[in-house]
Amino acid sequence: MGIISTVMGIFGFGVGIGLGLLIGYYLFIYFQPTDVKDPEIHPLAEQDTPTLQKLLPEIPIWVKNPDYDRLDWLNKFIETMWPYLDKAICKMAKKIAEPIIAEQIPKYKIDSVEFDVLTLGSLPPTFQGMKVYSTEEKELIMELAMKWAGNPNIIVAAKAFGLRATVQVIDLQVFASPRITLKPLVPTFPCFAKILVSLMEKPHVDFGLKLLGADAMSIPGLYRFVQELIKDQVANMYLWPKALEVPIMDPSKASMRPAGILNVKVLRAMKLKRKDLLGGADPFVKLKLTEDKLPSKKTTVKYKSLNPEWNEEFTLVVRDPETQALEVAVYDWDQVGTSDLMGLNVVPLKEITPEEPKVVTLDLLKNMDPNDAVNEKSRGQIVVEVMYKPFKDDMMAQDSDDPNAVEKAPEGTPDGGGLLVIIVHEAQDIEGKYHTNPHVRLLFRGEERRTKPVKKNRDPKWGEEFQFMLEEPPTNDKIHVEVFSTSSRNLLHPKEGLGYVDINLSDVVSNKRINERHNLIDSKNGKIQIELQWRTS
């Protein structure tokens, strides 16, 4: 009986399972629930207040705030690059964290703290929108709305008193609104010297924490305590106006600030060749540094002389003594038409010993091609005395919180005088009647400087700097700033004024630095941004 009952029990169990599966399948197929309805879709404008309040956190910020732009392209880029960004970010985080950890662990008698595993997971952060601010300074300010529900795996191992403990961070969620400032903007890639990151509000941080393999966040009260502690600590360090500063490059090198002063004394020329068959020559000299946008310095004209003497001194601002050279060109002045080139040559600055005067005799050449046979012909010689004075580190303005702080004037600046620096940044809403190819012309004490033209642009950006070495402060002076447009295609109206403004310089003498937008006269809505600096020694 025992064997029979056992066999019957097994048989009955098998039959029962089979019948149960068959009946369950039948009921699943033929008895669908009838209370399931299709979802109703309504526009947001038709939703009631409680429903909108529930949906509001999930609505992208670019929908709620028109100042924010969509960033679908950035999210797609980050999604594609995330496997590589993950490795690069983790490597940088280790590099930053390890020295800090090594400095702190001796205080707590811990032998070592190291990362066993560090990966940000496969889910990248997403950016809901971005707002960009325009300022008068050389900076770019962006505010981002970021959400990251990631699956990182971060395991930190600590050793102390012969024991080893591990802490694991998983399931991280971060909602934050960072402000990213790129400043100062410089003409060297990546075009900014440092990154400043601030938080505009306390971030939302949620994560899982395993201690020795157990879920530490399940301990009553610990989850809320840790979450609020992290929020407060991060806010204390990075809540605006505090910021995390990440240096990218040396701003002084990136901006190619002046490296020194070159004093040039044009002494004399010898055995010049006349350009006119009838009569003599009226020579004068032009001095210019290569890679410099400033106009050439000119000597006076010596009439009817093939062996002129000038003994005239000039000062040039050097930016890179390793690559720049002094160009010396002798011209024959012509009252009608352009002056004729009599010869030229260069003096590489790297061949000049700093702080030591050097007299150089140069053979005048037709051009700077060493293989050109025409340079074998004698065109005379010119004698100049040069001395390069490099700036010392203490001559540059130190970093400070003063927004009007400027560099000091170079050595050799006249006593009681200084260096007037004019930076033409940009213009807005300028438009010509016939064409809009804007230039800027500066007139100061009879000297004229011009920017490069920007073709077909109502909002041109120049970013060009001009310098005037003055023997006394320009307290009672004005600078005339004129925006005009030129076109070679319009024969009836080749030149057209787009507006002008006269700027008093008394304020820049007292404030050292002024960076303002000025309304252009004779322009409907045009404005121009001019930065003025007064540098003294």
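Everything numeric here is computed off the predicted structure, so don't read it as measured data. (Residues numbered from 1 in each chain as written. Predicted model: local features only at pLDDT ≥ 70, side-chain atom pairs only at ≥ 80, totals over all residues. Heavy atoms only, no water.)

Considerations on the overall build of the protein chain
Next, step 1: What the protein chain contains, in helices and strands, is 7 helices and 26 strands.
Next, step 2: A total of 537 residues make up the protein chain; the buried ones form 35% of that total.
Next, step 3: Partitioning the contacts of the protein chain with sequence separation of at least 6, the portion at a separation of at least 24 is 65%. (Helix = DSSP H or I, 4+ residues; strand = E, 2+ residues; numbered from the N terminus. Buried < 20%, exposed > 50% of the residue type's maximum accessible area, 1.4 Å probe, protein only. Contact = heavy atoms within 4.5 Å.)

Remarks on the sheet that holds strand β18 (residues 381-390)
Next, step 1: Strands sit in the order β14-β11-β18-β17 across an open sheet of 4 strands; the sheet is antiparallel. The two strands at the open ends of the sheet, each matched to only one other strand, are β14 (309-318) and β17 (358-363). Looking at each pair of strands side by side, their axes are set apart by 25° on average, direction ignored.
Next, step 2: Where β17 meets β18, 6 bridges bridge the pair, whose relative direction is antiparallel. Bridged to K358 within β18 is V386. (Pairing = 2+ DSSP bridges. Axes fitted to C-alpha atoms, helices over the stretch in contact; angles between N-to-C directions.)

Notes on the nonpolar core
Next, step 1: One finds V481 and I528 to be the most contacted residues of the largest nonpolar core, which totals 29 residues.
Next, step 2: Elements with a minimum of two residues in this core: β19 (418-428), β20 (438-444), β22 (461-470), β23 (478-486), β24 (495-504), α7 (506-511) and β26 (527-535).
Next, step 3: In contact with I528, other than residues within four places in its own chain, are V424, E426, A427, V440, V481, V483, V501, E516, R517, H518 and L520.
Next, step 4: Of all hydrophobic cores here, the second largest spans 27 residues; its members include V266, W310, L349 and Y388. (Core = buried A, V, L, I, M, F, W, Y, C linked by side-chain atoms within 4.5 Å.)

With respect to the pattern of salt bridges
Side-chain pairs of opposite charge can arise whenever the charged atoms involved come near each other.
Next, step 1: By the definition in use, this model includes 14 salt bridges.
Next, step 2: Taken together, the shared-partner salt bridges connect R441, E448, R450 and E482 into one network. (Salt bridge = Lys/Arg side-chain N within 4 Å of Asp/Glu carboxyl O.)

Observations concerning the environment of V384
Next, step 1: With respect to the helices and strands, the residue V384 is situated in strand β18.
Next, step 2: A relative accessible area of 0% places V384 in the buried class.
Next, step 3: It is 9.7 Å that separates the C-alpha atoms of V384 and E313, two residues lying 71 residues apart in sequence.
Next, step 4: Among residues more than four places away in sequence, those in contact with V384 are K265, V266, L267, K358, V359 and V360.

Notes on unusual backbone geometry
Next, step 1: With an omega of -20°, the peptide bond running from K183 to P184 counts as cis.
Next, step 2: Positionally, P184 belongs in strand β6 (residues 178-185).
Next, step 3: The phi dihedral of K456 falls on the positive side, at around 50°, and the residue is not glycine.
Next, step 4: Assignment of secondary structure puts K456 in the loop between β21 (447-450) and β22.

A look at the sheet that holds strand β25 (residues 513-519)
Next, step 1: Taken in spatial order, the 4 strands line up as β22-β19-β26-β25 in an open sheet, and their pairing is antiparallel. The outermost strands of the open sheet, each flanked by one partner alone, are β22 and β25. The sheet shows a mean angle of 20° between the axes of neighbouring strands, direction not considered.

Some remarks on the environment of N490
Next, step 1: With respect to the helices, strands and loops of the structure, N490 is situated in the loop between β23 and β24.
Next, step 2: Here the alpha-carbon distance between N490 and Y434, two residues 56 residues apart in the chain, equals 8.0 Å.
Next, step 3: Other than its neighbours up to four places away in sequence, N490 contacts Y434 and H435.

Focus on a positive patch on the surface
Next, step 1: Residues K271, K273, K366 and K377 make up a contiguous surface patch of positive charge.
Next, step 2: For K377, the location among the structural elements is in the loop between β17 and β18.
Next, step 3: Overall, the relative accessible area of 58% leaves K377 in the exposed class. (Patch = residues over 30% accessible without salt bridge, like charges linked within 9 Å, V, L, I, M, F, W, Y side chains within 5 Å. Areas by Shrake-Rupley, 256 points an atom, 1.4 Å probe, with all protein chains shown as cover. Lys, Arg positive; Asp, Glu negative; His and termini not counted. Charge placed at Lys NZ, Arg CZ, Asp CG, Glu CD.)

Re the side chain of H518
Next, step 1: Here H518 lies in strand β25.
Next, step 2: Among all residues touching H518, those that are not within four sequence positions of it are V501, I503, G526, K527, I528 and I530.

A short note on the side chain of E482
Next, step 1: If you trace the backbone, E482 turns up in strand β23.
Next, step 2: A polar contact is formed between the side chain of E482 and the side chain of R441, at a distance of 2.5 Å.
Next, step 3: Excluding residues that lie within four positions of it along the chain, E482 makes contacts with H439, V440, R441, G499 and Y500. (Polar contact = N/O pair within 3.5 Å; in protein donor to acceptor, adjacent residues only side chain to side chain.)

Some details on the pairing of β20
Next, step 1: Of all 7 residues that make up β20, 6 are buried, and the element is covered over most of its length.
Next, step 2: Of the pairings in the sheet, the one linking β20 to β23 comprises 6 bridges and is antiparallel in character. Along β23, the bridge assignment pairs R441 with E482.
Next, step 3: Bridge analysis of β20 against β21 gives 4 bridges, and the strand direction is antiparallel. Bridge pairing in β21 places F444 opposite E447.
Next, step 4: Hairpin remark: β20 followed by β21, antiparallel, with 2 residues in the connecting loop; positive phi at R445, about 50°.

Here we look at the packing of aromatic side chains
Next, step 1: Scanning all chains against the criterion turns up 4 aromatic pairs.
Next, step 2: With 6.2 Å between their ring centres and 70° between their planes, W82 and W148 make a pair best called edge-to-face. With W82 in helix α4 (residues 72-104) and W148 in strand β3 (residues 140-149), the pair connects residues that are 66 residues apart, well separated along the chain.
Next, step 3: W148 gets classed as buried once you look at its relative accessible area, which sits at 11%.
Next, step 4: An angle of 65° between the planes, with centres 5.2 Å apart, marks the rings of F444 and F468 as edge-to-face. One end of the pair, F444, is in strand β20; the other, F468, is in strand β22, with 24 residues separating them in the sequence. (Phe/Tyr/Trp six-rings, centres within 6.5 Å; stacked < 30°, edge-to-face > 60°.)

Remarks on the confidence of the model for the protein chain
It should be kept in mind that the predicted coordinates are not to be read in detail where pLDDT is low.
Next, step 1: Mean pLDDT for the protein chain: 79, with 81% of residues reaching 70 or above.
Next, step 2: In this model, residues 395-403 is a region of pLDDT below 50 whose contacts with residues beyond four sequence positions or in other chains number 13 contacts. (pLDDT = per-residue confidence, 0-100.)

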